[in-house]
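Chain by chain, the residues:
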Amino acid sequence: NSLMQSLELSASDARALLLSVGLEGPLPADADLAPVREAIESVAVRSLQGLVAELTKTLNYIAEHRPQLRSHELRLCGGGATIRNVAFRLEERLHRPVHAWRFDALADEGSSALPAPLFASALALSSLKWSNHEDL
């Protein structure tokens, strides 16, 4: 939303920019896209800082209160996981591996209109439905 407002873009254009251009990453970026990436960075920095703060609190809580659940890596799902290089940026700040969630069956199909992390919520909700029916 903040990208849509600050750059006066439609929702679909903002999504396309986040997916294709995204944040600064580990590989040298296309110099022609530098102004666009800088605009995205300036808008995304506050959201990214908030996400890092929440994840840090959650990970610290788990480490302190439920150490047996401690994870050594994180998987991202949903719309935020589709932002190019977001996993890399979170990995830098959280000092642990971070990856976008994948569903290998989708990758095997070859093409999908939506990135795999968007299917994670639907898959989780579907599995809840299955688990509520003992006769299945």
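Residues numbered from 1 in each chain as written. Predicted model: local features only at pLDDT ≥ 70, side-chain atom pairs only at ≥ 80, totals over all residues. Heavy atoms only, no water.

**Some words on the overall build of the chain**
Moving on, step 1. When you go through the chain residue by residue, the secondary structure sums to six helices and two strands.
Moving on, step 2. If you list the helices and strands of the chain from N to C, you get α-α-α-β-α-β-α-α.
Moving on, step 3. The buried share of the chain, taken over its 136 residues, is 22%.
Moving on, step 4. When contacts within the chain are restricted to residue pairs at least 6 apart in sequence, those whose partners lie at least 24 apart make up 52%. (Helix = DSSP H or I, 4+ residues; strand = E, 2+ residues; numbered from the N terminus. Buried < 20%, exposed > 50% of the residue type's maximum accessible area, 1.4 Å probe, protein only. Contact = heavy atoms within 4.5 Å.)

**Thoughts on the pattern of salt bridges**
Moving on, step 1. Per the counting criterion, the structure on display carries five salt bridges.
Moving on, step 2. Between E41 and R89 there is a salt bridge, and its shortest N-O distance comes to 2.6 Å. Here E41 is found in helix α3 (residues 34–65), whereas its partner R89 is found in helix α4 (residues 86–94), with 48 residues between them in sequence.
Moving on, step 3. Judged by its relative accessible area of 18%, E41 falls in the buried class.
Moving on, step 4. Of the charged contacts, one joins E92 and R89 as a salt bridge, the two residues approaching to 4.0 Å between their closest N and O atoms. On the criterion of helical spacing, the pair formed by E92 and R89 is a turn pair, its members being three residues apart in helix α4.
Moving on, step 5. Owing to a relative accessible area of 40%, E92 belongs among the partly exposed residues under this scheme.
Moving on, step 6. One salt-bridge network, held together by shared partners, links E41, R89, E92 and R93. (Salt bridge = Lys/Arg side-chain N within 4 Å of Asp/Glu carboxyl O.)

**Section: the nonpolar core**
Moving on, step 1. Counting 18 residues, the largest nonpolar core has L23, L76, V86, L90, L94 and V98 as its most contacted members.
Moving on, step 2. Breaking this core down by element, the ones donating at least two residues are α3, β1 (74–76) and α4.
Moving on, step 3. In terms of residues, this core owes the most to one element, α3, which gives six residues. (Core = buried A, V, L, I, M, F, W, Y, C linked by side-chain atoms within 4.5 Å.)

**Digging into the side chain of E41**
Moving on, step 1. One polar contact links E41 to R89, side chain to side chain, over a distance of 2.6 Å.
Moving on, step 2. For E41, the residues in contact, after removing those within four places along its chain, are L23, E24 and R89. (Polar contact = N/O pair within 3.5 Å; in protein donor to acceptor, adjacent residues only side chain to side chain.)

**Digging into α4**
Moving on, step 1. Those residues of α4 that sit buried are V86, A87, R89, L90 and L94. All buried residues of α4 project into a common sector of 160° when viewed along the axis, lining one side.
Moving on, step 2. Where α4 is buried, its residues meet α3, β1 and β2 (98–100).
Moving on, step 3. Phi turns positive, to about 55°, at H95, one or two residues after α4. (Arc of directions from axis to C-beta.)

**Observations regarding α3**
Moving on, step 1. In this model α3 runs 43 Å from its N-terminal to its C-terminal C-alpha over 32 residues, within 8% of the 46 Å that 1.5 Å per residue would give.
Moving on, step 2. Of all the bends found along α3, the most pronounced is centred on A44 and spans about 45°.
Moving on, step 3. By the burial criterion, the buried members of α3 are R37, A39, I40, E41, V43, A44, L48, V52 and L59.
Moving on, step 4. Structurally, α3 contributes buried residues whose contacts are with α1 (2–7), α2 (11–20), β1 and α4. (Expected span 1.5 Å × (residues − 1). Bend = angle between axes of the 7 residues up to and from the residue.)

**Some words on the confidence of the model for the chain**
Moving on, step 1. Mean pLDDT over the chain: 83, with 85% of residues reaching 70 or higher.
Moving on, step 2. The secondary-structure element of the chain with the lowest mean pLDDT is helix α5 (residues 104–109), recorded at 60, while α4 shows the highest, at 94. (pLDDT = per-residue confidence, 0-100.)

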